[in-house]
Amino acid sequence: MVGLGREVALDSLLQTLDALPVPARIAVQNQAMGEMRAHGLGDAVDRLTATILSALPNPPESLDQVLLLGQVLYFARRWEEVYSLTQQVPGLEDILARDVFVAGIYGVMLARTGRRAEASAVNDRITLTESGTAAQRDLAQAEIAAALGDGDEAVRLLGQSALKLASIHVDPAFDEIRSYPPFVALMTPRSVCCTNGRA
């Protein structure tokens, strides 16, 4: 529906998610937000962002709600708001040390708000951590590298990783290198033609 520009139908479809638990609903809505932006539907992104934010407690009442709100603001590219939100998180350093997913998002946010040295420091800590799987650490570091504009390093990390790359085209972390030829090549599906049983 997003690819076809059917915004009204998409809005109706997203309304059917209202019965889902909040974390599951927001995960789908964030993905939809990324797809909308990838297809140039900026007004639809703004509407969906407003819908999501109106359903969340403001201010957040728990750490889980803070993290959910941070994810929404991340996909909405509202970087300074994400930064302000993180400054309210108690024990942030401990969270970053044990959750490589959050560390990657945090590093991207730092890079996108001009805090490049701090973003690089988060990246260095990920190198030393045993949090998450190797693939998750590769993704977190690739996100930070891309947000810092280092396309070569981002592509290297993604290329060596066992990650499925399907969702990366909607990840805001990679906005800075979307037109970088090696990244475009990495994200381009490869077709396989078989003849007489041979690939």
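Note that this is a predicted model, so its numbers are computed, not measured.

Observations concerning the overall build of the chain
Assigned secondary structure in the chain consists of eleven helices and zero strands. Along the chain direction, N to C, the helices and strands of the chain fall in the order α-α-α-α-α-α-α-α-α-α-α. With 199 residues in all, the chain has 42% of them scored as buried. Long-range pairs, those at least 24 residues apart, make up 54% of the contacts in the chain between residues at least 6 apart in sequence.

Digging into helix 4 (residues 63–75)
For helix 4, which comprises 13 residues, the first-to-last C-alpha distance of 19 Å matches the rise-based estimate of 18 Å (1.5 Å per residue) to within 8%. The complete set of buried residues in helix 4 reads Val66, Leu68, Leu69, Gly70, Val72, Leu73, Tyr74 and Phe75. Remark: Arg77 follows helix 4 within two positions and exhibits a positive phi of approximately 60 degrees.

As for the packing of helix 4 against helix 5 (residues 79–86)
In contact at an axis separation of 8 Å, helix 4 and helix 5 are set at 165 degrees when each is read in the N-to-C sense. Here helix 5 runs roughly antiparallel to helix 4, going by the angle between their axes. Helix 4 and helix 5 meet at a crossing whose hand is left-handed. On helix 5, the residues that touch Val66, Leu69, Gly70, Leu73 and Tyr74 of helix 4 are Trp79, Glu81, Val82 and Leu85. Residues of the contact of helix 4 with helix 5, tallied by class, amount to seven nonpolar, one polar and one charged.

Here's the deal with the environment of Ile168
Among the secondary structure elements, Ile168 is positioned in the loop between helix 10 (151–160) and helix 11 (181–187). The exposure class of Ile168 is buried, given its relative accessible area of 4%. Taking the C-alpha atoms as reference, Ile168 lies 9.9 Å from Leu158; in sequence the two are ten residues apart. Contacts of Ile168, omitting those with residues within four sequence positions, involve Leu139, Leu158, Phe174, Arg178, Phe183 and Met187.

Structural notes on the confidence of the model for the chain
Note that predicted coordinates carrying low pLDDT should not be read in detail. The pLDDT averaged across the chain works out to 83; a share of 84% of its residues lies at or above 70. Of all secondary-structure elements in the chain, the lowest mean pLDDT belongs to helix 1 (residues 7–15), at 59, while helix 8 (residues 116–128) reaches the highest, 95.

A word on helix 8
In a regular helix each residue adds 1.5 Å, so 13 residues correspond to 18 Å; helix 8 covers 19 Å between its end C-alpha atoms and thus fits that length. For helix 8, the complete set of buried residues consists of Ala119, Val122, Asn123 and Ile126. Across the axial projection of helix 8, the buried residues extend over an arc of 100 degrees, all falling on one side. Counted as exposed and oriented over 90 degrees from the buried face of helix 8: Ala117, Thr127 and Leu128. Buried-residue contacts for helix 8 involve helix 7 (100–112) and helix 9 (134–147).

Analysis parameters
Residues numbered from 1 in each chain as written. Predicted model: local features only at pLDDT ≥ 70, side-chain atom pairs only at ≥ 80, totals over all residues. Heavy atoms only, no water. Helix = DSSP H or I, 4+ residues; strand = E, 2+ residues; numbered from the N terminus. Buried < 20%, exposed > 50% of the residue type's maximum accessible area, 1.4 Å probe, protein only. Contact = heavy atoms within 4.5 Å. Expected span 1.5 Å × (residues − 1). Axes fitted to C-alpha atoms, helices over the stretch in contact; angles between N-to-C directions. Parallel < 35°, antiparallel > 145°, perpendicular 65-115°, else oblique. Left-handed = near helix turned anticlockwise from the far one by under 90°. Nonpolar A, V, L, I, M, F, W, Y, C, P; charged D, E, K, R; others polar. pLDDT = per-residue confidence, 0-100. Arc of directions from axis to C-beta.

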